Amino acid sequence: MDLIRSSGPISRVELVNATGLTQPTISNIVRRLIDDGVVRETGDTVATRGKPRAMLVINSRAAYGVGIHVGADTLTCVVTDTRGGTVGRQLVAAPADGRPESVAARLATLYHEVTHGLGLPPQSVAGMAVVGPGPVDVTRGRFLALPGRQGSAGLDLTHALTGRLGVPVLVDSDAAAATVGEFWGRQVSRERTFGCLYMNSGIGSGVVLDGALHRGASSNAGKLGHVPIVRDGERCHCGSRGCLEQYAAPRVLVARARAVRGLTRRLRIRGEDDDARAFDVLARAAIYGDEQARALLDESAAMLAEGAVLLANMWDIDTLVLAGPGFAVAGSIYVTEIRRRLAERAFARDVHDVRVDLSSNPRDSAAIGGAALVLQGSVAPGHGPELAARV
């Protein structure tokens, strides 16, 4: 399945060559996948000296995944098809009280509103993933902390929602989800070492090795924002000092902008504006040439580029994608600086380049990735999370 996903259209003969399996074995596997509706023949053929080879692709309508990203005050729900294409999206306000029961009820309502609105048969939905900034307890299906929702930290979402919805429910971090979503949607080959930098309120990362996300002991790997970059620097809520997040994250830049005399008034950033909106205004001003705003963004990009070099050197990655709302407006500033720094300082720069791209949908990348997590675990077992049986 993973070879067909990343290489399709692909013939049975090419699958034999790529896997080392025998032709009868590949024929049997493909036949079962076609019977299950997961794979289909395109109708195109490749001419050879013998029998023309039929080409295979994943059936985009075989299953749908639902991903919901839990933000500071919003919930973003995205539905994707089996090939990663977005078929539906809805943004709603999060429950104001933050109580566990309210969060679970709002998530269940949002799931039903979106899937019913799209007219999806219940059996066509592979499951739902709820993703947020973490840290997460993937095994128990809960967030240990969420921004502005201290009361939801003890909520076992997997247990609370699976029974209500009748589909498997996963809980994961937004950075991990975005990494899988970019890998899946871009049809990246499992032979590549793929990395993702994710920036929202904080900074995270993810790496895909041999087609599977590297998770670590508790599925909390990739917390790049909590790598110390300044000795004896600012104290971080994680308990360390000088963490990358304390210097490069959007909320920090907004705080610094508010401290610059006259800057927020000139940019029309109001005192009641949340950090996400204020950062968008700041980033837009930087793009349009405001010198003070650009200086703040350039410093953030320089710090994040140091993190990108660390990530590239640790994992010898060959592809890096920037995802998350923090890159939605001024992603070009970050891409340019990270490309420059990797070309100068990546340890393996004389052996291979590191391709750096911006997500095609930075704001929704975590929600899209949540849907991809579900689909990967459903149609490509062994490369994604294990899904519980449908209730």
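Just above, that's the structure.
These numbers come from a predicted model, not from an experiment.

The rules behind these values
Residues numbered from 1 in each chain as written. Predicted model: local features only at pLDDT ≥ 70, side-chain atom pairs only at ≥ 80, totals over all residues. Heavy atoms only, no water. Helix = DSSP H or I, 4+ residues; strand = E, 2+ residues; numbered from the N terminus. Rg over C-alpha atoms; globule rule 2.2 N^0.38 Å. Buried < 20%, exposed > 50% of the residue type's maximum accessible area, 1.4 Å probe, protein only. Contact = heavy atoms within 4.5 Å. Areas by Shrake-Rupley, 256 points an atom, 1.4 Å probe, with all protein chains shown as cover. Lys, Arg positive; Asp, Glu negative; His and termini not counted. Charge placed at Lys NZ, Arg CZ, Asp CG, Glu CD. Expected span 1.5 Å × (residues − 1). Axes fitted to C-alpha atoms, helices over the stretch in contact; angles between N-to-C directions. Parallel < 35°, antiparallel > 145°, perpendicular 65-115°, else oblique. Left-handed = near helix turned anticlockwise from the far one by under 90°. Pairing = 2+ DSSP bridges.

**Some remarks on the overall build of the protein chain**
Along the protein chain, the regular secondary structure elements total 13 helices and 15 strands. In terms of C-alpha radius of gyration, the protein chain reaches 22 Å, essentially the compact-globule figure of 21 Å for 391 residues. Considering only C-alpha atoms, the protein chain reaches an extent of 75 × 55 × 40 Å along its principal axes. Within the protein chain, the proportion of its 391 residues that are buried is 51%. Contacts spanning at least 24 positions in sequence make up 60% of the contacts within the protein chain whose residues lie at least 6 apart. Split by element, the accessible area of the protein chain, about 17,900 Å² in all, is 49% carbon and sulfur. Taking the average location of the 44 positive side-chain charges in the protein chain and that of its 40 negative ones, the two points are 2 Å from each other.

**Focus: helix H13 (residues 365-379)**
In a regular helix each residue adds 1.5 Å, so 15 residues correspond to 21 Å; H13 covers 20 Å between its end C-alpha atoms and thus fits that length. For H13, a buried count of 14 out of 15 residues is recorded, marking the element as mostly surrounded by other parts of the structure.

**Points about the packing of helix H11 (residues 291-315) against helix H12 (residues 331-345)**
Between two packed helices, what matters for the description is the angle formed by their axes and the separation of those axes. Put simply, H11 and H12 touch, their axes get as near as 8 Å, and they point 45 degrees apart. Relative to H12, the element H11 is oriented oblique. Crossing geometry of H11 relative to H12 is assigned as right-handed.

**Overview of the environment of leucine 253**
Topologically, leucine 253 is positioned in helix H8 (residues 250-259). Through-space distance from the C-alpha of leucine 253 to that of isoleucine 338 is 18 Å; in sequence the pair is 85 residues apart. The residues contacting leucine 253, other than those within four sequence positions of it, are Tyr247, Ala248, Phe279, Leu282, Leu296, Leu297, Ser300 and Tyr334.

**Quick notes on the sheet that holds strand E13 (residues 212-213)**
Ordered in space as E13-E12-E11-E14-E15, the five strands form an open sheet in which the pairing is mixed. Looking at the sheet topology across the chains shown, the edges are occupied by E13 and strand E15 (355-358). Of the pairings in the sheet, the one linking strand E11 (residues 194-199) to strand E12 (residues 203-209) comprises six bridges and is antiparallel in character. The residue of E12 that forms the bridge with phenylalanine 194 is valine 208.

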